[in-house]
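Next come the chains, spelled out residue by residue.
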Amino acid sequence: MKKLLFVCLGNICRSPAADGVFSAMIAKKNLTGTLACDSCGTGDWHIGQLPDSRMRAAGAQRGYNFNHRARQLCAADYKNFDLIIAMDDANFRDIIARAPAGTDISKVHRFAEFCTGEFAGTSHVPDPYYGGEKDFHHALDIIENGCSSLLKFSEAEPH
Ligand code: 4NP
């Protein structure tokens with residue numbers, strides 16, 4: 001079983017959406033015995049909360065049910081997950097900075113590394129929190145794009 005962890009700042013917009021999209025892809029491809037995912041935030045402001053209602057609404061329009069409860073990145077995550085995927089550069093730096101001694105840092109990636117086609121060259125998943133509906137859909141477009149190749153990468157990469 002390979003386990004992926006999506007990490008953003010608040011764990012109420014981008015990473016629970018990536019978690020939900022990737023989970024749906026795992027189920028659709030019958031990979032539930034092979035791959036699993038979760039999400040968390042570097043910040044602690046929203047612990048216990050459902051995803052932002054705007055992200056839930058944008059996801060529902062595409063057939064997803066984003067129902068993760070926010071939690072904060074913790075030391076055990078570095079052991080328990082095979083791939084840790086940062087939604088933006090600040091998340092990436094925070095994940096690296098908090099890594100317990102002995103962590104294999106090569107398991108930490110930027111989500112944007114996996115974007116292809118229309119979103120090839122994207123540097124990060126923009127935070128829609130202070131934006132409007134179209135920003136939530138833009139984040140979801142990038143997330144759906146990256147999750148497709150991340151699924152292939154996760155299946156192929158030995159662990
Ligand atoms: P997220 O978005 O990192 O994609 O969950 C944010 C949610 C909340 C805040 C910032 C970003 N906040 O400052 O409360």
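Thresholds, definitions, all that
- Residues numbered from 1 in each chain as written.
- Predicted model: local features only at pLDDT ≥ 70, side-chain atom pairs only at ≥ 80, totals over all residues.
- Heavy atoms only, no water.
- Axes fitted to C-alpha atoms, helices over the stretch in contact; angles between N-to-C directions.
- Helix = DSSP H or I, 4+ residues; strand = E, 2+ residues; numbered from the N terminus.
- Parallel < 35°, antiparallel > 145°, perpendicular 65-115°, else oblique.
- Left-handed = near helix turned anticlockwise from the far one by under 90°.
- Contact = heavy atoms within 4.5 Å.
- Nonpolar A, V, L, I, M, F, W, Y, C, P; charged D, E, K, R; others polar.
- Near = heavy atom within 4 Å.
- Polar contact = N/O pair within 3.5 Å; in protein donor to acceptor, adjacent residues only side chain to side chain.
- Areas by Shrake-Rupley, 256 points an atom, 1.4 Å probe, with all protein chains shown as cover.

S.K.: In this structure, what is going on with the packing of helix α1 (residues 14–28) against helix α5 (residues 133–156)? I would like to understand it.
M.R.: The relative placement of two packed helices is expressed as an angle between their axes plus a distance between the axes. In the contact formed by α1 and α5, the axes pass within 9 Å of each other and the chain directions differ by 50°. Taken together, the axis directions place α1 and α5 in an arrangement best described as oblique. For α1 against α5, the interelement crossing comes out right-handed. Listed contacts from α5 to R14, A17, A18, V21, F22, M25 and I26 of α1 are L140, I143, E144, C147, S148, L150, L151 and S154. A per-class count over the contact of α1 with α5 returns 11 nonpolar, 2 polar and 2 charged.

S.K.: Would you mind showing me how to read unusual backbone geometry here?
M.R.: Keep in mind that most residues, glycine aside, have a negative phi and that most peptide bonds are trans. The backbone phi angle of N11 is positive, close to 60°, even though this residue is not glycine. Positive phi is not limited to glycine here, since N30 has a value of about 55°. Residue position: N30 is located in the loop between α1 and β2 (35–41).

S.K.: Help me understand the site of the ligand in this model?
M.R.: Near the ligand, the surroundings consist of C8, L9, G10, N11, I12, C13, R14, H46, D127, Y129 and Y130. In the model, an oxygen atom of the ligand is placed 2.8 Å from a nitrogen or oxygen of the G10 main chain. Contact between the ligand and R14: an oxygen atom at 2.7 Å from a side-chain N or O atom of the residue. Isolated, the ligand exposes 350 Å² of accessible area, and the fraction of that covered by the protein chains is 92%. Partitioning the shell around the ligand into residue classes produces 6 nonpolar, 3 polar and 2 charged.

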